[in-house]
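Letter by letter, the chains look like this.
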Amino acid sequence: MSGRARLPIDLSQPPRAAGARRWMPALAAGLSIGEYARSLVRRLAFLSAVLVAAIWALDGQGYFWPAWAWLGLGDLVLLDFSAGWAWRQPRGAVRRVACVWALVGVAAVILVFTWLLTWLLAGAQTFWPAWALLGLATSGSAYSLIALQDRVLVAHGRRALRARIDMLTRTRRQAVDAQAAELRRIERDLHDGAQARLVALTLQLGRAELRVQEQPEIRGLILDAQREAHHAIAELRDLARGIVPPLLADRGLVAAVESLAARYGLGTSIEADTHGSLAPAVESAAYFVIAEALTNTAKHACAKRSWISLTDGQRMLVVIVGDDGLGGADPSGSGLAGLRARVEALDGSLHIDSPDGDGTLLEARLPCG
Amino acid sequence: MRVVIAEDLALLREGLVALLRENEIDVVAQVEDGPGLLRAIAGHKPDLAIVDVRLPPTYSDEGLLAAIEARRRQPALGVLVLSQYVETTYASELIGGDTAGIGYLLKERVGDVRAFLDALQRVAAGGTVLDRQVVAELLVPPGGATEPMSGLTAREREVLALMAEGRSNTAIAESMIVTPGAVEKHITSIFAKLELPACNDDHRRVLAVLAYLRVSR
């Protein structure tokens, strides 16, 4: 009995024990009451199907009425399976839709098999379930559409959101690049325009001064004017340098960083693995990150060793500045916070690791694709 | 003295030409870019080239590179580079291995006409002139307290900067309004702190300073 009982019914849940432990030990084996009840129903259905056939055989056979009993019992089992399938779907709208389709499916099977049996047992007739099936399919589809509408809309919303983020990321980067290029143009104009003219002015003043050696009053005025021009030139130079140091503009990041490191005199070792030219915004950000890090190292770290690494790959420039000094740098300090803002404007990230007494490691990742 | 001027801004170039001619210096050619400089030097064999760091077509360090190349072709040529920048790397590159007949001045120094003409003469004669602000930059590393230079007092740095410009003790004393004896004392102290051998010769003192600057590169 046990072998036969397993076949048609218990595909999903094979019996867990044999012999005397057949029914009750199922509970002990970890089945829930619901599962136990379902397996019981399936076994009873199978038993009933066999019993009905036996009664028909003993009763002198004739009109094969057990087919109707089998249909009813089969529907019960089908309902159990389809409900189980629906219940395994993700919670929410999807599960509700699955439940509806499970019911629609069971109803369709009942209709089709009822027609099939009447056709087999009572002779040919039109396929009368057609309209009922159409109705079931229509109402099932309508329910699905309504229930899943949210999900469809959300997916659409997500796509729109992603497109918007992509667009904003792209335009922000364009704005930052344009700003960097514009700043460099301003820097160049300051040098080649205003500053050069002021230099020409001091030269003319100098020539004038040579001619009025005997008139101390006029000479004094000229020297005052020259001093003012000198101040203006120095201010323009500082301004231009703050925008982009000349070496960075002329020779690129690696040369500028080498010069910077040499000026700090920390014996900094530099490892550079960069290819091609970088966008001005990326170059400037990397340069100022390194400059700030070296300033901090020189001022606070008492480091024996300091190192810089520049790696450019996978559309990302990775800048690492480290020292073996005192550590304990405050990432929220104004210098580092300013750097973070600068790096984040490029969609980059800045990470500072500075445990007390164990050196400082600063890593900036700058997208440059 | 025969001079070539490489400067792209007409106003400044003409001003320089007028200044030099007023002072009986022969300007044999005026050019606007690096290749022009090299051609003028080959053609005119001048004693001195006055070169702007930033020249067309790149407007970066083209003038500096042309000046270095000109020196390579004519080692006896004096080169005075005028720069908008206090850029120690450029100064160091220009100095290279040979300090004779080299000058690196900020552009605005042309306004101090007498000192500028004096610098021209010294560079043409094989001397060395380095802008005091560039020297100061090299002497005081940003933020760092690890350099031997930080042991110098402000007064000593000033003396050293003037020394780097190639000035004599008397000139330094005049410039700082102190006695030559005081200057001498500062210099002895500087050499002691930098562990440089002291000597009396002006030019060798500049070389000593430059040697130190190159080491600190």
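### Re the overall build of chain B
Alright, step 1. Counting secondary structure elements, chain B contains 10 helices and six strands.
Alright, step 2. Here chain B, with 217 residues, has 48% of them falling under the buried criterion.
Alright, step 3. Look at the contacts in chain B between residues 6 or more apart in sequence, and 62% of them connect residues 24 or more apart.

### With respect to the interface of chain B and chain A
Alright, step 1. Tallying the contact residues gives 29 residues for chain B and 34 residues for chain A.
Alright, step 2. Listed by contribution, the elements that provide at least two residues to the side of chain B that touches chain A are helix 1 (10-22) and helix 4 (88-95) of chain B.
Alright, step 3. No other element matches helix 1 of chain B, which puts five residues into the side of chain B that touches chain A.
Alright, step 4. Across the side of chain B that touches chain A, the residue classes break down as 11 nonpolar, 10 polar and eight charged.

### Side note on the sheet that holds strand 3 (residues 316-323) of chain A
Residue and element names in this part refer to chain A.
Alright, step 1. One open sheet holds the five strands; their spatial order is 1-2-3-5-4, and the pairing between them is mixed. Since the sheet does not close on itself, it has two edges, and those belong to strand 1 (269-273) and strand 4 (349-353), each with one partner. This sheet shows a mean twist of 10° between the axes of neighbouring strands, independent of strand direction.
Alright, step 2. Across five bridges, strand 4 lies against strand 5 (residues 360-367) in antiparallel orientation. Bridging across to strand 5, Ser-349 finds its partner in Arg-365.
Alright, step 3. Lying over the sheet, helix 11 (residues 334-344) contacts strand 4 and strand 5, oriented at roughly 150° with respect to strand 4.

### Some remarks on the nonpolar core
Alright, step 1. Leu37(B), Ala49(B), Val51(B), Leu80(B) and Val81(B) are the most contacted members of the largest nonpolar core, which has 69 residues in total.
Alright, step 2. At seven residues, the largest contribution of residues to this core is made by helix 6 (residues 130-211) of chain A.
Alright, step 3. One finds Leu247(A), Leu317(A), Val321(A) and Leu366(A) within the second-largest nonpolar core, a separate group that totals 42 residues.

### Quick word on the packing of helix 4 (residues 66-87) of chain A against helix 5 (residues 93-122) of chain A
All names here are of chain A.
Alright, step 1. As a packed pair, helix 4 and helix 5 sit with axes 9 Å apart at the nearest point and diverge in direction by 165°. Looking at the two axes, helix 4 sits roughly antiparallel to helix 5. As for how helix 4 packs across helix 5, the hand of that crossing is right-handed. Across from Ala-67, Trp-68, Leu-71, Asp-75, Leu-78, Leu-79, Ser-82, Ala-83, Trp-85 and Ala-86 in helix 4, the residues of helix 5 making contact are Arg-95, Ala-98, Cys-99, Ala-102, Gly-105, Val-106, Val-109, Ile-110, Phe-113, Thr-114, Leu-117 and Leu-121.
Alright, step 2. For the contact of helix 4 with helix 5, the residue count by class is 17 nonpolar, three polar and two charged.

### Focus on the pairing of strand 1 of chain A
Residues and elements named next belong to chain A.
Alright, step 1. In terms of residue burial, strand 1 counts as a barely covered element, since only zero of its five residues are buried.
Alright, step 2. With five bridges joining them, strand 1 and strand 2 (residues 306-313) adopt parallel strand pairing. By the bridge assignment for strand 2, Asp-273 is matched with Thr-311.
Alright, step 3. For the crossover from strand 1 across helix 10 (residues 280-301) to strand 2, the handedness is left-handed.

### With respect to helix 3 (residues 62-73) of chain B
Side chains of residues three or four places apart in an α-helix project in the same direction, reflecting 3.6 residues per turn.
Residue and element names in this part refer to chain B.
Alright, step 1. Here helix 3 is 12 residues long and its end C-alpha atoms lie 16 Å apart, about the 16 Å a rise of 1.5 Å per residue gives.
Alright, step 2. Burial in helix 3 covers these residues: Glu-62, Gly-63, Leu-64, Ala-66, Ala-67, Ala-70 and Arg-71.
Alright, step 3. Tucked into the core, helix 3 has its buried residues touching strand 1 (2-6), helix 2 (34-44), strand 3 (48-52), strand 4 (78-83) and helix 4.

### Topic: the sheet that holds strand 5 (residues 102-106) of chain B
All names here are of chain B.
Alright, step 1. If you trace the six strands from one edge of the open sheet to the other, you get 2-1-3-4-5-6, paired in parallel fashion. The strands lining the two open edges of the sheet, one partner per strand, are strand 2 (26-31) and strand 6 (128-130). Direction aside, the axes of adjacent strands within the sheet are offset by 20° on average.
Alright, step 2. Seen against the sheet, helix 4 touches strand 4, strand 5 and strand 6 and runs at an angle of roughly 165° to strand 5.
Alright, step 3. Where helix 5 (residues 113-124) meets the sheet, its contacts fall on strand 3, strand 4, strand 5 and strand 6, and the angle it forms with strand 4 comes to roughly 140°.

### Digging into helix 5 of chain A
Residues and elements named next belong to chain A.
Alright, step 1. The end-to-end C-alpha distance of helix 5, which contains 30 residues, comes to 43 Å, matching closely the 44 Å that a straight helix rising 1.5 Å per residue would cover.
Alright, step 2. Restricting attention to buried positions, one finds in helix 5 the residues Val-97, Trp-101, Ala-102 and Val-104.
Alright, step 3. Where helix 5 is buried, its residues meet helix 4 and helix 6.
Alright, step 4. Phi turns positive, to about 100°, at Gly-123, one or two residues after helix 5.

### Structural notes on the confidence of the model for chain B
Residue and element names in this part refer to chain B.
Alright, step 1. Chain-level pLDDT for chain B is 82 on average; 82% of the residues reach the 70-or-more range.
Alright, step 2. By mean pLDDT, helix 10 (residues 202-215) is the weakest element of chain B at 55, and strand 1 is the strongest at 96.
Alright, step 3. The ipTM, which scores confidence in the relative placement of chains, is 0.77 for this predicted complex, and the corresponding pTM is 0.65.

Parameters at a glance
Residues numbered from 1 in each chain as written. Chains lettered and ligands numbered in written order. Predicted model: local features only at pLDDT ≥ 70, side-chain atom pairs only at ≥ 80, totals over all residues. Helix = DSSP H or I, 4+ residues; strand = E, 2+ residues; numbered from the N terminus. Buried ≥ 20, exposed ≤ 12 C-beta atoms within 10 Å, placed from the backbone. Contact = placed C-beta atoms within 7 Å. Nonpolar A, V, L, I, M, F, W, Y, C, P; charged D, E, K, R; others polar. Pairing = 2+ DSSP bridges. Axes fitted to C-alpha atoms, helices over the stretch in contact; angles between N-to-C directions. Core = buried A, V, L, I, M, F, W, Y, C linked by C-beta atoms within 7 Å. Parallel < 35°, antiparallel > 145°, perpendicular 65-115°, else oblique. Left-handed = near helix turned anticlockwise from the far one by under 90°. Right-handed = clockwise from strand over helix to strand, strands pointing away. Expected span 1.5 Å × (residues − 1). pLDDT = per-residue confidence, 0-100.

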